[in-house]
Amino acid sequence: MANKEYREWITSFSKEFKTSQIRATIKVNEEMLMLYWKLGKDISSMSEKYGYGSDFYKIVSEDLNKLLPEIKSFSPTNLKYMRYFYELYQCAEIRPQVGDELVTHEDTIKFEKDFSIIFRIPWGHNKLIIDKCKGNIDKALFYARKILENNWSRNVLLNFLDTDLYNRQGKAITNFTDTLPAIQSDLAQEITKDPYNFDFLTMHERYNEKELKDALIDKVNNFLIELGTGFAYMGREVRIEVGESEKFIDMLFYNTKRHCYVVVEIKTGKFDSSYAGQLGTYVVAVNHQLKTEADNPTLGLLICKDMDSVEAQYALESTSQPLGISSYELSKLVPDDYKGSMPTIEEIEAGLEDAFT
């Protein structure tokens, strides 16, 4: 066997093996979570029927650990989470039936598909959702879908739970329904939030616009996560020509989910209606100079420190370009008073050297 052919074969097999491992891990996770669901259901039922208190979890834990000493999942705390897991989604056991009022076969399939995703995400992720979404199955399923769509780690999930993505997603003021075809407008609305959360930045209180944009570039990976699914960063201060003038787009992105360019302008002050005109001009310029026939119409997104929703809506009604206007939150500020008292890198390094000599 030639060396090249051998290398191709061995590489192909290793990829296939890793894929098989992933499939097996997913299957094991599903089976485990279904057992957790059943155990949680039984605990919930027996607690209601016999009035068992908190000591019941300790008894079950001790008995299961005696019978299954090699399994480390049956702590009293984890058993409580199994019960909460079942009780959060227990209404999903009452499946909508075809023939019920306004229920179709497609509704039933969608319901079962939505419900099944909770068994496809890791237990640690499920526990975070249980903590943050008690009593709200729609909110819980929203985050479960986002985990699968975006491969969120637990830390990323926790960030979006803490910043309440569920109530921010798709809430920006836009004119997408009036300027885009229905399917495109739904997708466009989905990628907008209000407010955007910039708490991953560390800024002093009297930051200016340039400092904010510089900080966002330094943390562009965090900014991409906050923007949402499918965003690819194309550049900052992107030069375009408008007639005999040159203009510079604050930040340019491409959304692979919607297959379009997204022009992002960021303002540190309150929204002004003139900003919509400026943004609309940039959107048209990108359509003429960068967009190809394979791309959908370019979107414009203006993110301001604050806005009057009525003024924003009026501004959007005056333009034919698909634009969205949102605000942003930046709560983790470093006061200027502290800047002078904070040690420099050199001072920290010198202190470490002293400590170890």
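Quick notes on the rules
Residues numbered from 1 in each chain as written. Predicted model: local features only at pLDDT ≥ 70, side-chain atom pairs only at ≥ 80, totals over all residues. Heavy atoms only, no water. Helix = DSSP H or I, 4+ residues; strand = E, 2+ residues; numbered from the N terminus. Buried < 20%, exposed > 50% of the residue type's maximum accessible area, 1.4 Å probe, protein only. Contact = heavy atoms within 4.5 Å. Areas by Shrake-Rupley, 256 points an atom, 1.4 Å probe, with all protein chains shown as cover. pLDDT = per-residue confidence, 0-100. Phe/Tyr/Trp six-rings, centres within 6.5 Å; stacked < 30°, edge-to-face > 60°. Lys NZ or Arg CZ within 6 Å of the ring centre and 35° of its normal.

1. Overview of the overall build of the protein chain
Secondary structure summary: the protein chain contains 16 helices and 9 strands in total. Across the 357 residues that make up the protein chain, the buried fraction comes to 40%. Pairs at least 24 residues apart make up 62% of the contacts formed inside the protein chain by residues separated by at least 6 positions. With the model as given, the accessible surface of the protein chain reaches about 20,600 Å², and the carbon-plus-sulfur share is 53%.

2. Description of the confidence of the model for the protein chain
Overall, the predicted model of the protein chain reaches an average pLDDT of 83, with 86% of residues at or above 70. Low pLDDT (under 50) marks residues 338-345, which in the prediction has 4 contacts with non-local residues, meaning those over four places away or in another chain. Here residues 352-357 is a poorly scored stretch, pLDDT under 50, and it has 0 contacts once near neighbours within four places are set aside; other chains count.

3. Some remarks on unusual backbone geometry
Following D194, the chain continues into P195 via a peptide bond in cis, with omega recorded as -5°. One non-glycine residue, E237, lies in the positive phi region at around 50°. The topology assignment puts E237 in strand β4 (residues 231-242).

4. Quick look at the packing of aromatic side chains
Evaluation of the coordinates by the stated rule reveals 21 aromatic pairs. A centroid spacing of 5.8 Å and a plane angle of 45° characterise the contact between Y6 and W9, whose relative ring orientation is tilted. In this pair, Y6 and W9 are both assigned in helix α1 (residues 3-50), 3 residues apart and thus about one turn of the helix distant. A relative accessible area of 39% means that Y6 is categorised as partly exposed. An angle of 85° between the planes, with centres 6.0 Å apart, marks the rings of F85 and F119 as edge-to-face. Of this pair, F85 sits in helix α3 (residues 76-89) while F119 sits in the loop between α4 (105-116) and α5 (123-132), and the two are 34 residues apart along the sequence. F85 gets classed as buried once you look at its relative accessible area, which sits at 0%. Exposure remark for F119: the relative accessible area of 7% places this residue in the buried category. Taken together, the ring pairs in this structure connect Y36, W37, F85, Y86, Y89, F119 and W123 into an aromatic cluster. The aromatic ring of Y275 is capped on one face by K267, whose charged end is 5.0 Å from the ring centroid. The aromatic ring of Y328 is capped on one face by K305, whose charged end is 5.5 Å from the ring centroid.

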